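# Geometric and topological summary
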Amino acid sequence: MSENVIEISNLKKYFKDTKALDGVNFNVESGIIFGMLGPNGAGKTTTIETLTGLYKRDDGNVSVLGLDPEKSLKKLQKKIGVQLQSPSLFPRLKVAEILNMFGSFYQDSIKVDQVLNQVGLVEKKEEWVKKLSGGQKHRLAVGLAIISNGDIIFLDEPTTGLDPQARINLWKVIKKLKKQGKTVFLTTHYMDEAEKLCDDLVIIDKGKIIAQGSPESLINEYFKDKIIEFKDVEFDKKFKEEIVETIEHKKISFEEKDDKVLIYSDNIQRSLKSLFQLFENHNLELDDVLIRKATLEDVFLKLTGRVYTDENL
Amino acid sequence: MKIFKEVFIANIKELIRDKSGMFWLIAFPIIFVFIFGLIFTGGSGEQSYTIGLVFEGDSPVNETIERSIRNVPVFNLSTNTRNEEIEALNSGRRELVMIVPEIDTDNIQEYNIEIFYNNERSGSASILISSLKEVFFNIERELTNREEFFNIISKPVQTERLSDFDYILPGILAMAIMQLGLFGSFQFLNLREKKIIRGLGVTPLPRHIILSSEILMRLLISLMQTVLIIFIGRWLFDVQIVSNLFKVFGIVLIGAFAFISLGYMLITFANSMESGRGIVQVVQFPMLFLSGIFFPIEFMPSYVRPVVKILPLTYLGNALREAMVGIPSGVAMSRNLLILAVWSVVTLIITIKFWKWE
């Protein structure tokens, strides 16, 4: 087992009456991509900003690269790169100029051209920052974190607002950082991103860590079952009761919002058989049937009882 | 040091590329110099007065009279019929109109010469009338061959020519320095509001560099403004600069520091860009007119004078006027500078006490 670069125990942070972080515990191993996953307002940004020195904690212990951010902040900041959600971009500087300025803050910074290459902004090198598109600004912000050549790169929702292609490009950048031996600490509210990118992750909700593990282990821990998903074509109450009674299941959930029925089962064959039987008896057709493994969204649903969608974040 | 240099360069680039910022810092004071320069040094050279001359008859003396009046350099003569000249007087195109009756040289007697003038300009008219009297007195003496006893010989002495613009030019520089100090503080508000300051808080950049590089930049701009304003004043409007440039630079730097400090102090009381603008303008606008930088404080009503005596701009204006064009302010130079220094220190202390990075 490799050493921990971040150790957090019982971290608490309050904003007036709101418990932004309510006793958070987790460690981050060196050299991995670590994800913090949760809806908006769960405490992800507060965690990053407490680790990097923007907030003072109200309780608990924090160690980043063996340093306490409250005691040796400047020493720590020389060894990390941070991308915040509100990046510090001077509007009338050119892309290369702002990278150059940030590079001067660090002893062992990466060359500007190399960073431009990594975040795909070579062609925008001479463009004023304020003329960049939202996605380009985002990538520049990631570039400003990378240029530090820090041991840990903190990325706060690096892919929010990016188009799919830009997202995939940024994933490549993040994987490359890992190859270079860096630890990447990222937050996201995209389940698929965490699943595809992260080696280890925590799920945070309302200032508390509700699960930790690799995406794989989390799914295995919470969902050895598979899921049958099909369309709810305005089934009446009686029919729904019949579904629950006749189909082999561990859990059935009717997603009224999405007009979907989810059947969790550890014996998918028997469940399917009874499902087809039921529909045949009623002379109904099954719509949009899908059999799949559980995802992090399902984990979130099971852990919090709330559906994880963008609308109810 | 490397960090300071990079942040300093970034600051300068940010500023130079900001068109409205450059307008206020460079173009605005220069436009002021041009406007005031053209107003107060206009009408090139000597003043002249247009006088209407009407002869009611034909006489050999008429020519003598006309020539004598033309010989007075400030008179601009126009001869026409009575009606035309009176109409010209009524419409303000004549300073006065003089009617000379028919003169019979063979039979010289007493003649009345009528002079019409605008009642509202009786002051200048009375001066003109007395010079005209002098002209006629000479003609009379020529005609009667009378002896002359007194000879007045006027000998002009070269004194330093001071125009109103000499007074104003240092005032414009003082104004430019005030604007630089006060409006310049908006940049920090802007960076704070856009959370750029906060974002830089996760980098190893020491925060004081953000301000110190900005202050250095503004001190340099104040020197640039000084050179520009003095250059234009000297070469285009012929303002004589009496002391050496380095003395002026010294005063400018002390003044610039006082206003930069005041600017930062004012924005410590602002939560947003909007409130910052409001607070600064409430201070800046009255100060501009109550500091005697454009006209002497003696012109102001006595009840505002105590206010004038508090404002730092008064003392920067005093010091610059004395150093640049040699107009004394009635306050010793050392006292002017001391008061500016006190302003710097006091505002700096308040700024440090109430400063908010975020």
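A quick note: this is a predicted structure, and the numbers were derived from the prediction, not measured.

Of the regular secondary structure elements, chain A holds eleven helices and 13 strands. When its C-alpha atoms are laid out on the principal axes, chain A stretches across 75 × 45 × 40 Å. The contacts of chain A with a sequence gap of at least 6 include a subset with a gap of at least 24, amounting to 70%.

Domain assignment breaks chain B into domain 1 (7-42 + 163-354) and domain 2 (49-144). Here the C-alpha centre of domain 2 of chain B lies 55 Å away from the C-alpha centre of domain 1 of chain B.

Note: strands within a sheet are paired through backbone hydrogen bonds, in either parallel or antiparallel orientation. All names here are of chain A. One open sheet holds the six strands; their spatial order is β5-β6-β7-β3-β8-β9, and the pairing between them is mixed. Across the chains shown, the open sheet's two edge strands, defined by having one partner strand only, are β5 (80-83) and β9 (208-213). Neighbouring strand axes in the sheet, compared pairwise and without regard to direction, differ in orientation by 15° on average. Direction of pairing for strand β8 (residues 200-205) relative to β9: antiparallel, over a ladder of five bridges. Following the sheet pairing, Ile203 is matched in β9 by Ala211. Strand contacts of helix α5 (residues 134-146): β5 and β6 (152-156), with the helix running at about 165° to β5, the strand carrying the most contacts. Strands in contact with helix α11 (residues 296-304) are β3 (33-37), β8 and β9; relative to β9, the strand with the most contacts, it is inclined by about 135°.

Time to look at the interface of chain B and chain A. Interfaces are often described in size by the accessible area the parts lose on coming together. With 19 residues of chain B at the interface, the matching set in chain A holds 22 residues. Among the elements that line the side of chain B that touches chain A, the one with the most residues is helix α1 (residues 2-16) of chain B, at seven residues. The residue inventory of the side of chain B that touches chain A, partitioned by class, reads eight nonpolar, three polar and eight charged.

Residue and element names in this part refer to chain B. Put simply, helix α3 (residues 60-70) and helix α5 (residues 122-144) touch, their axes get as near as 10 Å, and they point 135° apart. The orientation of α3 with respect to α5, classified from their angle, is oblique. For the pair α3 and α5, the crossing hand works out as right-handed. Across from Thr64, Ile65, Ser68 and Ile69 in α3, the residues of α5 making contact are Val135, Asn138 and Ile139. Across the contact of α3 with α5, the residue classes tally to four nonpolar, three polar and no charged.

Taking 1.5 Å of rise per residue, 15 residues should cover 21 Å, and α1(B) covers 21 Å from first to last C-alpha, within 8% of that figure. Of the residues making up α1(B), those classed as buried are B:Glu6, B:Val7, B:Ala10, B:Asn11 and B:Glu14. When α1(B) is viewed along its axis, its buried side chains cluster within an angular range of 140° and face the same direction. The outward face of α1(B), more than 90 degrees from its buried face, is lined by the exposed residues B:Lys2 and B:Ile16. Here the buried face of α1(B) lies against α3 (95-104) of chain A together with α9 (208-237) of chain B.

Calculation criteria
Residues numbered from 1 in each chain as written. Chains lettered and ligands numbered in written order. Predicted model: local features only at pLDDT ≥ 70, side-chain atom pairs only at ≥ 80, totals over all residues. Helix = DSSP H or I, 4+ residues; strand = E, 2+ residues; numbered from the N terminus. Contact = placed C-beta atoms within 7 Å. Domains from an automatic or database assignment. Pairing = 2+ DSSP bridges. Axes fitted to C-alpha atoms, helices over the stretch in contact; angles between N-to-C directions. Nonpolar A, V, L, I, M, F, W, Y, C, P; charged D, E, K, R; others polar. Parallel < 35°, antiparallel > 145°, perpendicular 65-115°, else oblique. Left-handed = near helix turned anticlockwise from the far one by under 90°. Expected span 1.5 Å × (residues − 1). Buried ≥ 20, exposed ≤ 12 C-beta atoms within 10 Å, placed from the backbone. Arc of directions from axis to C-beta.

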